[in-house]
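# Chain and residue survey
Chain residues, written in single-letter form:
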Amino acid sequence: MRRLLPLLALLAACGEPAIEVKPSSGSESDYNERELQTAVDKYVAAKKTPAAFKALSIELKRLRAGMDHTVAEQAELRLITLALTPVDAVKTNTMPEQVEALALDVWPTLLQKPLAADEVLSNPDPGEALLQPLADEDAREYLRRLCGGVLASECKEVVPEQQGAIVAALANRRAMERVRNAVAECQSCATEAGWHDAVRGWEELDRVSHAAIHDVERRGRPDNWPVAGSAAEDSAAMTDPTTLWREAEINAIGEVEINGHQYLGDARVAALRELRADSDTITLHLRPEITLGQVKGILEDAKKSGATKVAVVARTSEYPWDRKIYWLSDAGQTRVGLRTTDSLQMLLHALDHVASPGAVARVD
């Protein structure tokens, strides 16, 4: 069996020890072994960026038609090990930033089946093509399509803002499984610590990404938001990923929660004022069952913070759970005549019958 081609300077950017470089034995017919080495060299020279990894993945898929089983095993080992660098480089970034960096260039390769040599009589896997981004898709559109289709069982019941965390965890889990299998099947890897460092690196990423997955799924359920009706308004700003992270949530005990931090009492007003910045509106995530009495108290705090009205986020009733907004104020022009014990969802439903999109409902 040909000697395994090692990975050049494995994970150097992350501080892991490099794997010794050994020459290939080669032959006149090397089943694209030398082309594999050239592709890896190009990736390393390109600083192991997400875009460089995508180019490497495309090139190895092209080469696999000429690979035998042994070279295909080498290619899978090196591909999945080299993917660790771009993923590890952004692991402390916000999830929107990770989505922008990895969703189109790295995750499609991690999510697919292990790279293998083409078999003459094998049938192509249609699912593999569905995991690839379309030419005109951005990162968020790509995730919405995956979660509405080939990954529906994993993330369709999660609102789009939370889908990145679910797909990231799934990609990390599949990468961990693939690298474990690839290293276990590699006879030469037992004596080279770098390969096992890569396994431990993927195991750590998998552990971290799955530690919070239950909370992500719980918080991302569509029924945590009111259902949008005819009086809900579209807003281009609501689809901006930077705007999405400037939204406050009112949790079950009345705390204002912003980016994982909770504020209660007088601190609620200060937190809302900082969130508002120079705008006269505040965007809030309120649960549909909250009473209008509670909503009134929240509006009072919003007014103290300098906001004149509040945008309440609602969701369409079907996937992809599009974000809509209703406007509320203690000085709005639209009254619906409900009691303080009635729910926010009842208010919005009543508003759908008497108002048009953009109307400001009065809660006093």
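Procedures and definitions
Residues numbered from 1 in each chain as written. Predicted model: local features only at pLDDT ≥ 70, side-chain atom pairs only at ≥ 80, totals over all residues. Heavy atoms only, no water. Phe/Tyr/Trp six-rings, centres within 6.5 Å; stacked < 30°, edge-to-face > 60°. Helix = DSSP H or I, 4+ residues; strand = E, 2+ residues; numbered from the N terminus. Buried < 20%, exposed > 50% of the residue type's maximum accessible area, 1.4 Å probe, protein only. Pairing = 2+ DSSP bridges. Axes fitted to C-alpha atoms, helices over the stretch in contact; angles between N-to-C directions. Contact = heavy atoms within 4.5 Å. Parallel < 35°, antiparallel > 145°, perpendicular 65-115°, else oblique. Left-handed = near helix turned anticlockwise from the far one by under 90°. Nonpolar A, V, L, I, M, F, W, Y, C, P; charged D, E, K, R; others polar. Salt bridge = Lys/Arg side-chain N within 4 Å of Asp/Glu carboxyl O.

Next up on the list: the packing of aromatic side chains. Taken as a whole and assessed by the stated rule, the structure comprises 2 aromatic pairs. Residues Tyr43 and Phe53 carry aromatic rings whose centres are separated by 6.2 Å and whose planes lie at 70 degrees to one another, so their mutual orientation is edge-to-face. Of this pair, Tyr43 sits in helix H1 (residues 33-45) while Phe53 sits in helix H2 (residues 50-63), placing them 10 residues apart in sequence. Look at Phe53 and you get buried, because its relative accessible area is 0%. Ring geometry for Tyr319 versus Trp321: centroids 6.3 Å apart, planes at 85 degrees, classification edge-to-face.

The strand order E3-E2-E1-E4-E5-E6-E7 describes an open sheet built from 7 strands, whose pairing is mixed. Edge positions in the open sheet fall to strand E3 (261-263) and strand E7 (360-362), since each of these has one partner strand only. Between one strand axis and the next, the sheet turns through 35 degrees on average, direction left out of account. Across 2 bridges, the pairing between strand E1 (residues 248-250) and strand E4 (residues 281-285) is parallel. Pairing of Ala248 across the sheet is with Leu284, part of E4. Packing of helix H14 (residues 266-276) onto the sheet brings it into contact with E1, strand E2 (256-258), E3 and E4, and relative to E4 it is tilted by some 115 degrees. Against the sheet, helix H15 (residues 292-304) makes contact with E1, E4, strand E5 (309-315) and strand E6 (323-329), and its axis sits at roughly 80 degrees relative to E6, the strand it touches most.

Helix H3 (residues 69-82) packs onto H2 with a crossing angle of 165 degrees between their chain directions and a minimal axis gap of 11 Å. The angle between H2 and H3 places the two elements in the roughly antiparallel class. The two elements H2 and H3 cross, and the hand of that crossing is left-handed. The residues of H3 that touch H2, namely those facing Phe53, Leu56, Ser57 and Leu60, are Ala75, Leu79 and Leu82. Grouping the amino acids of the contact of H2 with H3 by side-chain chemistry returns 6 nonpolar, 1 polar and no charged.

Looking now at the pairing of E6. Of all the 7 residues making up E6, 7 are buried; the element is thus mostly covered by neighbouring parts of the structure. Residues Arg323, Ile325, Trp327 and Ser329 point to one face of E6 and Lys324, Tyr326 and Leu328 to the other, with burial holding for every one of them. Strand direction decides the pairing type here: E5 and E6, joined by 6 bridges, are antiparallel. For Val313, the partnering residue across the bridge sits in E6 and is Ile325. With 3 bridges joining them, E6 and E7 adopt parallel strand pairing. Bridge assignment links Trp327 to a residue of E7, and that residue is Val360.

Okay, the pattern of salt bridges next. Within the structure shown, the criterion is met by 26 salt bridges. When the shortest N-O distance is used, the salt bridge between Asp105 and Lys54 registers 4.0 Å. Placement of Asp105 in the loop between helix H5 (95-102) and helix H6 (107-111) and of Lys54 in helix H2 is noted, with a sequence separation of 51 residues between them. Between Asp322 and Arg144 there is a salt bridge whose closest N-O contact spans 2.9 Å. Residue Asp322 is found in the loop between E5 and E6, and its partner Arg144 is found in helix H8 (residues 139-148); the two are separated by 178 residues along the sequence. In the salt-bridge network here, residues are joined through shared partners; they are Glu161, Glu247, Arg315 and Arg323.

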